[in-house]
Amino acid sequence: MRYATIEGAALRQCPVCLVGQMVEKRNRNGTVFHGCNQFPDCRHSEGVPAQSTAHLDRRA
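Only a predicted model underlies this, so the values are computations on that prediction, with no experimental measurement involved.

Novice: Any chance you could break down the environment of glycine 20 for me, citing the residues and the numbers?
Specialist: Mapping glycine 20 onto the fold places it in the loop between strand 3 (12-13) and strand 4 (21-26). Judged by its relative accessible area of 0%, glycine 20 is buried. Spatially, the C-alpha atoms of glycine 20 and phenylalanine 39 are 8.7 Å apart, while their sequence positions differ by 19 residues. Among all residues touching glycine 20, those that are not within four sequence positions of it are Arg12, Gln13, Cys14, Cys36, Asn37 and Gln38.

Below you can see the structure in the form of structure tokens.
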């Protein structure tokens, strides 16, 4: 079985749809959050604590 990874870290399964994985995303204002990669079918998202986003200072 293959697991999806980003930079070697396994992605967490979405707790709502159980199909997608939780990935880091940015909203229009640049705020980082975790959202299901099955959007728009699954609209589950979670906030990210401020200290864990320090490495994301660059804009993609």
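Novice: Break down unusual backbone geometry for me, citing the residues and quoting the values.
Specialist: With an omega dihedral of 10 degrees, the bond running from phenylalanine 39 to proline 40 counts as a cis peptide bond. Take proline 40: it is sitting in the loop between strand 5 (32-36) and strand 6 (45-47).

Novice: Kindly report on the state of the cysteines, identifying the contributing residues and their values.
Specialist: Taken as a whole, this structure holds 0 disulfides when the rule is applied. Between cysteine 36, a free cysteine, and cysteine 17, which holds the nearest cysteine sulfur, the sulfur-to-sulfur gap is 3.7 Å. Given a relative accessible area of 1%, cysteine 36 falls into the buried group. Cysteine 42 carries a free sulfur, and the closest cysteine sulfur to it, the one in cysteine 14, is 3.7 Å from it.

Novice: Can you break down the pairing of strand 4 residue by residue, with the values?
Specialist: In the sheet, strand 3 pairs with strand 4 via 2 bridges, with the strands oriented antiparallel. Its bridge partner lying in strand 4, arginine 12 is registered against methionine 22.

Procedures and definitions
- Residues numbered from 1 in each chain as written.
- Predicted model: local features only at pLDDT ≥ 70, side-chain atom pairs only at ≥ 80, totals over all residues.
- Heavy atoms only, no water.
- Helix = DSSP H or I, 4+ residues; strand = E, 2+ residues; numbered from the N terminus.
- Buried < 20%, exposed > 50% of the residue type's maximum accessible area, 1.4 Å probe, protein only.
- Contact = heavy atoms within 4.5 Å.
- Disulfide = S-S within 2.5 Å.
- Pairing = 2+ DSSP bridges.

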